[in-house]
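If you want the building blocks of each chain, they are given just below.
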Amino acid sequence: MNIYVSNLSYNVQDEDLRGFFEEYGEVSSAKVIMDKFTNKSRGFGFVEMSDNESAQKAIRELDGATVEGRAIKVSEARPREERSGGGGNFGGGGGGNRRPYGGGGGGNRW
C-alpha cells in the first residue's frame with residue numbers, strides 16, 4: 001500500500017520517514033519529495049508498505065501526530081492523475097488591436 005505523508009518538517013529525510021513507519025511493519029520504500037531546483041524538501045513524501053493491515057494501522061495512528069513541532073497528515077495515496085498537455089491560453093493583453101503605428105491599450109477605437 002502506498003501512503004501519502006504531508007506537512008513534514010523540511011528537516012525530515014528519507015531515513016526519518018522510514019523510521020516513523022517501521023514500528024508498524026515492513027517498509028518497502030520511503031521517499032521525501034525534493035524540489036528539483038533548490039534540492040530542498042517540499043514538505044511531503046510517500047511510504048510504501050507491503051502489508052495493507054500494517055499500513056492502515058500506521059495511517060490511523062500517525063495521522064495528526066506531531067513530528068518536529070508539526071502535525072503531519074497521513075493518508076492512503078491516490079493514484080497519480082494524468083496531466084493533460086496543452087491547456088494554458090497565453091493570450092496577449094493590451095487592447096488587441098496591433099497596428100504598426102501604436103494603438104496599444106485600447107485608446108482609439110476607429
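Everything discussed here concerns the structure shown above.
These figures come from a predicted structure and were not determined experimentally.

With that settled, the discussion passes to the pattern of salt bridges. What the rule picks out here adds up to two salt bridges. The residue K57 makes a salt bridge to E61 at a minimum N-O spacing of 4.0 Å. With K57 and E61 both in helix α2 (residues 52–62) and four residues apart, this pair spans about one turn of that helix. Judged by its relative accessible area of 39%, K57 is partly exposed. Looking at E61, the relative accessible area reads 44%, which means it is partly exposed.

With 20 residues, the main nonpolar core has I3, V5, L17, F21, V47, M49 and V74 as its most contacted residues. Elements that contribute at least two residues to this core include exactly β1 (2–6), α1 (14–22), β2 (27–34), β3 (41–49) and α2. Top contributing element to this core by residue count: α2, with four residues. The contact partners of L17, leaving out residues within four places of it in the chain, are V5, L8, V12, A30, K31, V32, G45, F46 and V47.

Turning to the sheet that holds β2, a few remarks are in order. Pairing is antiparallel in the open sheet, where four strands are placed in the order β2-β3-β1-β6. Where the open sheet ends on each side, the last strands, each with one partner, are β2 and β6 (73–76). When the angles between neighbouring strand axes are averaged without regard to direction, this sheet yields 20°. For β1 and β3, the ladder comprises five bridges, and the chain directions are antiparallel.

For the rest of this paragraph, the subject is the layout of surface pockets. Taken as a whole, the largest pocket encloses approximately 270 Å³ of empty space. N2, Y4, F46, S75, E76, A77, R78, P79, R80 and E81 together form the lining of the largest pocket. Those elements giving two or more residues to the lining of the largest pocket turn out to be β1 and β6.

On to the packing of aromatic side chains, then. On inspection of all chains with the given rule, the structure shows three aromatic pairs. Plain terms: the ring middles of Y4 and F46 are 5.5 Å apart, the flat faces sit at 50° to each other, and that makes the pair tilted. Note that Y4 is positioned in strand β1 and F46 in strand β3, a separation of 42 residues in sequence. Overall, the relative accessible area of 27% leaves F46 in the partly exposed class.

Procedures and definitions
- Residues numbered from 1 in each chain as written.
- Predicted model: local features only at pLDDT ≥ 70, side-chain atom pairs only at ≥ 80, totals over all residues.
- Heavy atoms only, no water.
- Salt bridge = Lys/Arg side-chain N within 4 Å of Asp/Glu carboxyl O.
- Helix = DSSP H or I, 4+ residues; strand = E, 2+ residues; numbered from the N terminus.
- Buried < 20%, exposed > 50% of the residue type's maximum accessible area, 1.4 Å probe, protein only.
- Core = buried A, V, L, I, M, F, W, Y, C linked by side-chain atoms within 4.5 Å.
- Contact = heavy atoms within 4.5 Å.
- Pairing = 2+ DSSP bridges.
- Axes fitted to C-alpha atoms, helices over the stretch in contact; angles between N-to-C directions.
- 1 Å grid on protein atoms, 1.4 Å probe; cavity = no way out; pocket = protein on both sides within 12 Å on 5 of 7 lines; lining within 4 Å.
- Points joined across faces, edges and corners; volume = space filled by probe spheres on them.
- Phe/Tyr/Trp six-rings, centres within 6.5 Å; stacked < 30°, edge-to-face > 60°.

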